[in-house]
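# An overview of the molecular structure
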Amino acid sequence: MNFSWMAWTLPTVAFFGTIFLLFVGMSIWEYVSPGGNPRFGILRFETTRGDRLFVSLLGSAFIHLAWLGLVGPNLWWALAISVVYAIGVFRFV
Amino acid sequence: MNKTWNNKAWFMVLPMLLLVLFSAAIPLMTVVNYSVQDTFGNNVFFWAGTEWYEQILNSRRFWDAMGRNLAFSFIILAIEIPLGILIALNMPRRGWGVPLCLVLMALPLLIPWNVVGTIWQVFGRVDIGLLGRVLEGIGIDYNYVRDPLDAWITVILMDVWHWTSLVVLLCYAGLVSIPDAYYQAARIDGASRFAIFRYIQLPKLRRVLTIAILLRFMDSFMIYTEPFVVTGGGPGNSTTFLSIDLVKMAVGQFDLGPAAAMSIIYFLIVLLLSWIFYTVMTSHEGER
């Protein structure tokens, strides 16, 4: 099957591969510990671990966009901030 | 109560996941791939990195279109929500008037968007349109093709005409579901008409209003067909909303890389706003 029409590049394969691995990891986590671990965090509404992953990914996207718009194209710092943010979301939200 | 968790049930949603994969995920991945490359056609691509994202995020054109879109959504919400509640409150609750009002309210919703645009394009014309001719007849200088303010008024009136019915129908459904006992208690207490609205009807309408605001905000934020048919984004760029600008960039200029980057940013904003509304809606349900 030819996927050249999708214009794949190595960085975008790595990007989607990472997201796919995150989904696989979350599925395994759910299989081992079913129920999604719902809880009320600092935002005062109920979140499951799937919600927390979604908030982490969406927030990370905006952190990267803000970095691109306000600072510049070197995104390693934005990635580091996103990882810290995601840990914070999984710990406190 | 202890729930029984059976993860095998996830296989039941597998067909839907495959459908979403082909209709949404694969096209979205393709857009992401385009957004980091440049192309001149023939399936030949050149790596551009984050250049298009930087270009869009630092572009006055993008933020102007975003500002116009937010202003448009805010204005139509400020008009359609109170107007929809007002009309729903005054609709009959029984008798022959009920089906008549419901059919009249449903009619604008049944008209395709491009037809609504065409109706208002003709309606507003100063040479043959009823609205344009009447306004000219009473001495008002109105021309939506030439004047940005007139173009905005026309597009807003068109949206209010098309979509207030949706708010009315949702609010009406919410109002008829309030049991009579609430009104009887209010009458015994001698509550005023406003007090009944403030303390009985409005709280009971909260869920349907949240849905109405969510639907109207998202729809108006992604509006394309109606203003495109009426004004084509003009005069100048005065009614060029994000979706119109996106189509101009992708189809008109064939700038597929910047258009893909703009699509991703637009998509993320829509996703964020949808999530905020969804969270607000479901957290209210939790309180209930």
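- An unreviewed UniProt entry annotates chain B as Glycerol transport system permease protein originating from Aquamicrobium aerolatum DSM 21857.
- A UniProt comment under Sequence similarities (unreviewed entry) is attached to chain B, and it reads "Belongs to the binding-protein-dependent transport system permease family."
- The record held by UniProt for chain B lists under Subcellular location (unreviewed entry) the comment "Cell membrane".

## Quick notes on the overall build of chain B
- Along chain B, the regular secondary structure elements total 13 helices and 2 strands.
- With respect to the three principal axes, the spread of C-alpha positions in chain B is 75 × 70 × 30 Å.
- Evaluated residue by residue, chain B yields a buried proportion of 41% over its 288 residues.
- Taking contacts inside chain B between residues at least 6 apart in sequence as the whole, the part at least 24 apart equals 67%.
- Split by element, the accessible area of chain B, about 16100 Å² in all, is 69% carbon and sulfur.
- For chain B, the separation between the mean place of its 19 positive charges and that of its 19 negative charges on side chains is 13 Å.

## What about the UniProt feature "transmembrane region" (unreviewed entry) in chain B?
- Under the local residue numbering, the UniProt record ascribes the feature "transmembrane region" (unreviewed entry) to residues 12-36, 70-89, 101-123, 160-183, 204-224 and 256-278 of chain B.
- Between the end C-alpha atoms of residues 12-36 of chain B the distance is 36 Å, and the span holds 88% helix and 0% strand.

## Some words on the nonpolar core
- Ranked by size, the top nonpolar core spans 59 residues in total, and within it Tyr53(B), Phe221(B), Leu242(B) and Ile265(B) carry the most contacts.
- For this core, the element with the most residues is helix 13 (residues 256-287) of chain B, which contributes 11 residues.
- For Tyr53(B), the contacting residues outside a window of four places in its chain are Leu65(A), Leu68(A), Ser35(B), Val36(B), Ala261(B), Ile264(B) and Ile265(B).

## With respect to the pattern of salt bridges
Residue and element names in this part refer to chain B.
- Across all of its chains, the model carries 8 salt bridges over all chains by this definition.
- Among the ionic pairs, aspartate 64 bridges to arginine 60, the shortest N-O distance being 3.4 Å. Here aspartate 64 and its partner arginine 60 are both found in helix 3 (residues 60-90), 4 residues apart, which amounts to about one turn of the helix.
- Residue classification places arginine 60 among the exposed positions, given a relative accessible area of 65%.
- The salt bridge involving arginine 216 is made with glutamate 80; its shortest N-O contact spans 2.8 Å. One end of the pair, arginine 216, is in helix 10 (residues 206-221); the other, glutamate 80, is in helix 3, and 136 residues separate them in sequence.
- Its relative accessible area of 0% is what places glutamate 80 among the buried residues.
- Beyond isolated ion pairs, a larger network of salt bridges with shared partners links Glu80, Asp159, Arg216 and Asp219.

## Brief notes about the UniProt feature "domain: ABC transmembrane type-1" (unreviewed entry) in chain B
- Taken from the UniProt record, the annotation "domain: ABC transmembrane type-1" (unreviewed entry) applies to residues 66-277 of chain B.
- When the span residues 66-277 of chain B is considered, its composition is 77% helix and 0% strand, and the gap between its end C-alpha atoms is 19 Å.

## Here's the deal with the interface of chain A and chain B
- With 24 residues of chain A in contact, the opposing surface of chain B contributes 26 residues.
- Carbon and sulfur atoms supply 77% of the area that chain A and chain B bury against each other, a total of about 2300 Å² over both sides.
- Per-residue buried area on chain A facing chain B is highest for Met6(A), Leu65(A) and Leu68(A); these three make up 21% of the total on that side.
- Counting across the chain A and chain B interface gives 0 salt bridges.
- Taken together, chain A and chain B are joined by 3 residue pairs in polar contact (both at pLDDT 80 or more).
- Among the secondary structure elements, those contributing two or more residues to the side of chain A that touches chain B are helix 1 (10-32) and helix 2 (49-70) of chain A.
- When residues of the side of chain A that touches chain B are assigned to their parent elements, the largest contribution, 8 residues, is made by helix 2 of chain A.
- A class-by-class count of the residues in the side of chain A that touches chain B yields 18 nonpolar, 5 polar and 1 charged.

## Overview of the packing of helix 7 (residues 148-176) of chain B against helix 10 of chain B
Residues and elements named next belong to chain B.
- Between helix 7 and helix 10, the shortest axis-to-axis distance is 9 Å and the interhelical angle comes to 160 degrees. With respect to helix 10, the element helix 7 is oriented roughly antiparallel. Seen from above, helix 7 lies across helix 10 with right-handed handedness. Here Asp159, Trp163, Leu166, Val167, Leu170, Cys171 and Gly174 of helix 7 lie close against helix 10, whose contacting residues are Val208, Leu209, Ala212, Leu215, Arg216 and Asp219.
- Grouping the amino acids of the contact of helix 7 with helix 10 by side-chain chemistry returns 9 nonpolar, 1 polar and 3 charged.

How each quantity is defined
Residues numbered from 1 in each chain as written. Chains lettered and ligands numbered in written order. Predicted model: local features only at pLDDT ≥ 70, side-chain atom pairs only at ≥ 80, totals over all residues. Heavy atoms only, no water. UniProt positions renumbered as here; feature names shortened; annotations may be inferred. Helix = DSSP H or I, 4+ residues; strand = E, 2+ residues; numbered from the N terminus. Buried < 20%, exposed > 50% of the residue type's maximum accessible area, 1.4 Å probe, protein only. Contact = heavy atoms within 4.5 Å. Areas by Shrake-Rupley, 256 points an atom, 1.4 Å probe, with all protein chains shown as cover. Lys, Arg positive; Asp, Glu negative; His and termini not counted. Charge placed at Lys NZ, Arg CZ, Asp CG, Glu CD. Core = buried A, V, L, I, M, F, W, Y, C linked by side-chain atoms within 4.5 Å. Salt bridge = Lys/Arg side-chain N within 4 Å of Asp/Glu carboxyl O. Buried area = accessible area lost by both parts, 1.4 Å probe. Polar contact = N/O pair within 3.5 Å; in protein donor to acceptor, adjacent residues only side chain to side chain. Nonpolar A, V, L, I, M, F, W, Y, C, P; charged D, E, K, R; others polar. Axes fitted to C-alpha atoms, helices over the stretch in contact; angles between N-to-C directions. Parallel < 35°, antiparallel > 145°, perpendicular 65-115°, else oblique. Left-handed = near helix turned anticlockwise from the far one by under 90°.

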